[in-house]
Amino acid sequence: MLQPMSDPLVVHLSDRWGGPTGSRARPGRRRVWTAARILTALTALGVLLALLTSQYCRINGWGGTGVYHWGCYSDVSALWSSRDFDQHPWAPFLSSYSAFEYPALTMFLASVLAAATHGIDAVLGGTALDYWGERTGLLYWDVTFLAGALAWFVLTLAVLKAAGTRPWKAAIVALSPAIIFGVGINWDIFPAATLALAVLFCLRRKWLIAGVLLGIGASFKLYPLLLLGAVFTLAARTYLRRESHDDAVQWADCAKLALGGVLAWALINIPVMMGNFGAWGEFYVFSAERGAGWSSIWQVWGVMSGSPLPAEAVSGWSFGLFAASCAAVLVIGVTARQRPDVVQLLLLIAAAFMIFNKVYSPQFMLWLVPLIALAGLRLRDVLIWHAFQLLHFWAIWMHLAAQVSEAEPQHLFDENIYVAAVFGHVLSTVYICAMVIRRMYRAQSEPASVPW
């Protein structure tokens with residue numbers, strides 16, 4: 001049974017747009033438009049909006065400063081030719097082609113989609129259905145976007161299931177501006193969907209399955225590994241506080257999660273390592289050696305001070321501050337008056353990772369969307385966070401356009417606005433974390449999540 005709404009903003013909006021509950025919402029009534037179907041339809045609307053935001057680049061190509069001015073830049077289309085996918089779909093695995101700086105499963109996914117692109121071009125090229133002509137990069141982007149759209153549906157439904165009696169939390173995922181603008185940039189929707197499934201199975205106490213999904217997600221991108229830290233914190237709380245609840249997380253649960261993750265990761269990565277260790281290790285070498293990237297606090301430090309930090313210093317400070325943040329989350333998780341759930345802890349750890357990471361790419365904002373949806377936050381706080389993320393989204397593109405444009409300074413984006421936007425996206429994430437921590441330390445009589 002659905003719970004009544006208590007979020008002030010949601011109640012305010014429902015009073016004006018929806019009115020009182022009608023007969024079609026009565027429990028026991030057979031309904032065609034169930035929550036799952038409505039959220040699927042909303043996700044389809046989100047997919048359509050995401051496609052529309054990229055129309056300029058689909059029509060005019062992904063070159064020049066227009067990709068920044070219209071906010072439709074994509075690594076997918078850029079890497080189609082620069083990483084030799086246009087020459088060979090399995091280029092990332094072959095030493096004779098350009099290196100591909102992504103983990104093993106992203107390498108495989110990008111190659112499978114490239115193979116599909118070459119196959120479609122071979123069969124339909126030159127026919128009435130050939131809308132891409134010589135622009136096979138457009139076809140590759142479309143094929144990748146279609147696969148990402150399917151992952152988006154999986155993500156929404158996973159959040160729906162994880163939300164339990166609060167299914168409308170998944171509407172945040174279905175229509176999130178962060179996903180609408182970020183889904184076409186890179187392959188980040190795939191680890192996000194996999195992590196959401198892992199969280200779902202954690203909530204259902206299917207630890208080994210959750211671990212397998214964690215290993216799959218970490219083979220797409222490293223950040224799903226942070227789930228292990230959240231579960232470790234809960235297990236430490238159970239041990240230190242001698243909790244005996246039936247749903248308390250035990251060390252054995254944490255071990256099962258880790259075991260499933262190791263097995264899945266090994267099955268995916270070891271074959272790639274044996275086939276071409278250099279190609280497999282490119283991601284890890286690149287990540288270790290890179291310096292401060294766009295929109296990171298380290299890059300802004302260099303902009304403000306005029307003396308960028310060397311790559312070694314950035315790596316050291318980034319790792320040290322993230323490790324300190326994880327220690328702080330462990331203390332918070334153990335000492336909080338109200339036992340936190342795995343989503344709240346994962347949100348805190350993931351947010352710290354994003355804040356102190358050496359780079360903050362625009363699409364990273366979609367990492368937090370499903371966690372924010374499940375963390376029991378007010379809709380007001382969710383909207384505040386999205387507003388600052390979108391401000392940064394446009395600020396970074398205008399900043400990059402200024403770097404490559406030959407226009408006069410008065411026609412370019414002010415660098416101070418870019419710096420302010422970076423601070424905005426960082427502080428909005430800190431604000432979200434503060435709201436989650438505040439909820440953890442509330443009296444136990446108050447609910448841990450906001451019923452929508």
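Everything below is about the structure printed above this text.
Below: a short report on this structure. Position labels on residues start from 1 in each chain and follow its written sequence. Per-residue local features of the predicted model are confined to residues with pLDDT of at least 70, and side-chain atom pairs are confined, for both listing and counting, to 80 or more; whole-chain, interface and lining totals are unaffected and use all residues. Calculation of side-chain values draws on the structure's entire complement of heavy atoms; hydrogens and water are dropped beforehand.

Some remarks on the overall build of the chain
The cut-off we apply is this: Segments assigned H or I by DSSP are reported as helices when at least four residues long, segments assigned E as strands when at least two residues long, and all are numbered from the N terminus. Both definitions apply: the radius of gyration is a C-alpha atom measure, and the globule rule equals 2.2 Å times residues to the power 0.38. Residue burial is assigned from relative accessible area. The probe radius is 1.4 Å, only protein chains are included, and a residue is buried under 20% of its type maximum, exposed over 50%, and partly exposed in between. The criterion used for residue contact is that any of the two residues' heavy atoms lie within 4.5 Å. In short, Shrake-Rupley with a 1.4 Å probe defines the accessible areas, and a residue's cover is counted only from the protein chains shown. Only four residue types enter the charge count: Lys and Arg as positive, Asp and Glu as negative, with His and the chain ends excluded. Charged groups are reduced to one reference atom each: NZ for lysine, CZ for arginine, CG for aspartic acid, CD for glutamic acid.
A tally of regular secondary structure across the chain gives 20 helices and 0 strands. Against the 2.2 N^0.38 benchmark of 22 Å for 452 residues, the chain shows a C-alpha radius of gyration of 23 Å, consistent with a compact globule. With respect to the principal axes defined by its C-alpha atoms, the chain has extents near 60 × 55 × 50 Å. Within the chain, buried positions represent 50% of all 452 residues. For the chain, the share of sequence-separated contacts (at least 6 apart) that also reach a separation of at least 24 residues comes to 74%. When the accessible area of the chain is evaluated, it comes to approximately 20700 Å², of which 65% is carbon and sulfur surface. Charge centroids of the chain, computed over 30 positive and 25 negative side chains, lie 20 Å from each other.

Considerations on the state of the cysteines
For clarity, the cut-off: Cysteine sulfur atoms are paired as a disulfide whenever they come within 2.5 Å of each other.
Enumeration over the complete set of coordinates arrives at 1 disulfide. Here C57 is linked by a disulfide to C72, with a sulfur-sulfur distance of 1.9 Å. Disulfide C57-C72: the torsion about the S-S bond is 70 degrees, which places it as right-handed. Highlighted residues: C57 in helix α3 (residues 55–60) and C72 in the loop between α4 (66–69) and α5 (75–82), separated in sequence by 15 residues. For C57, a relative accessible area of 0% corresponds to the buried category. In this structure C254 is not part of a disulfide, and its nearest cysteine sulfur, from C202, lies 9.5 Å away. Residue class for C254 comes out buried when judged on its relative accessible area of 9%. Counting only cysteine sulfurs, C433 is the nearest neighbor of C326, a cysteine outside any disulfide, at a range of 12 Å.

Description of the packing of helix α12 (residues 226–240) against helix α17 (residues 342–356)
Spelled out, the test is: Interaxial angles span 0 to 180 degrees and are taken between N-to-C directions of axes, which are lines fitted to C-alpha atoms, for helices over the stretch in contact. Put simply, angles under 35 degrees are roughly parallel, angles over 145 are roughly antiparallel, angles from 65 to 115 are roughly perpendicular, and the rest are oblique. Note: crossing handedness is left-handed where the near helix turns anticlockwise from the far helix by less than a right angle, and right-handed where it turns clockwise.
One can describe the packing of α12 onto α17 by two numbers: an axis separation of 8 Å at closest approach and a directional angle of 130 degrees. Here α12 lies oblique to α17, going by the angle between them. Where α12 crosses over α17, the two elements pack in a sense that is right-handed. Contact with α12, carried on its side by L226, L227, G229, A230, V231, T233 and L234, involves V342, L345, L346, I349, A350 and F353 of α17 and no other residues of that element.

Some points on the side chain of T238
Looking at the secondary structure, you find T238 in helix α12. Setting aside residues up to four positions removed in sequence, T238 forms contacts with E243, A248, V249 and Q250.

Quick word on the layout of surface pockets
The following threshold applies: Residues are said to line a cavity or pocket when one of their atoms sits within 4 Å of a point; the points come from a 1 Å grid over protein atoms alone, cavities being sets where a 1.4 Å probe fits but cannot get out and pockets being open sets with protein on both sides within 12 Å along at least five of seven lines. Grid points are joined across faces, edges and corners, and a volume is the space filled by probe spheres set on the points.
Computed from the structure, the second largest pocket encloses a volume of approximately 1200 Å³. Mapped by element, the contributors of at least two residues to the lining of the second largest pocket are α5, α12, α14 (277–289), α16 (311–335), α17 and α19 (379–404).

What to know about empty space enclosed by the protein
Within this structure, the stated rule accounts for 5 cavities of 30 Å³ or more. Quantified by volume, the largest cavity comes out at close to 80 Å³. T53, S54, G71, F181 and G184 are, among the 14 residues lining the largest cavity, the residues nearest its centre. Counting only elements with at least two residues in the lining of the largest cavity, the list comes to α2 (35–53), α7 (136–162) and α9 (177–182). Volume-wise, the second largest cavity comes out at about 60 Å³. In terms of lining, the second largest cavity is formed by V76, W141, T144, F145, G148, V183, G184, N186, I189 and F190. Of all the secondary-structure elements, those providing two or more residues to the lining of the second largest cavity are α7 and α10 (189–203). For the lining of the second largest cavity, the element with the highest residue contribution is α7, accounting for 4 residues.

What to know about the packing of aromatic side chains
Stated precisely, the cut-off is as follows: Aromatic rings from Phe, Tyr and Trp, taking only the six-membered ring of Trp, are treated as a pair when their centres fall within 6.5 Å; an angle between ring planes under 30 degrees marks them as stacked, one over 60 as edge-to-face, and anything in between as tilted. By the criterion adopted, a ring carries a charge over it if an Arg CZ or a Lys NZ lies within 6 Å of its centre and within 35 degrees of its normal.
Per the counting criterion, the structure on display carries 31 aromatic pairs. With centroids separated by 6.0 Å and ring planes inclined at 50 degrees, the aromatic side chains of W90 and F93 adopt a geometry described as tilted. Cluster of aromatic residues (ring-pair linked, three or more members): Y68, Y73, F181, F393, W394 and W397. Looking at R242, its charged tip hangs above the ring of Y239, at a distance of 5.2 Å from the centre.

Some words on the pattern of salt bridges
Here the idea is simple: oppositely charged side chains can pair when their charged atoms come close. Formally: The term salt bridge refers to a pairing of a side-chain nitrogen on Lys or Arg with a carboxyl oxygen on Asp or Glu at a separation within 4 Å.
Tallied over the full model, the rule gives 9 salt bridges. Here R205 and D253 are joined by a salt bridge, their closest N and O atoms 3.0 Å apart. Taken together, the residues span a long stretch of sequence, with R205 in the loop between α10 and α11 (207–220) and D253 in helix α13 (residues 251–275) at a distance of 48 residues. In this structure, D381 engages R380 in a salt bridge whose closest nitrogen and oxygen atoms are separated by 3.1 Å. Looking at R380, the relative accessible area reads 45%, which means it is partly exposed. Among the charged side chains, a salt-bridge network with shared partners connects R237, R241, E243, D247 and R339.

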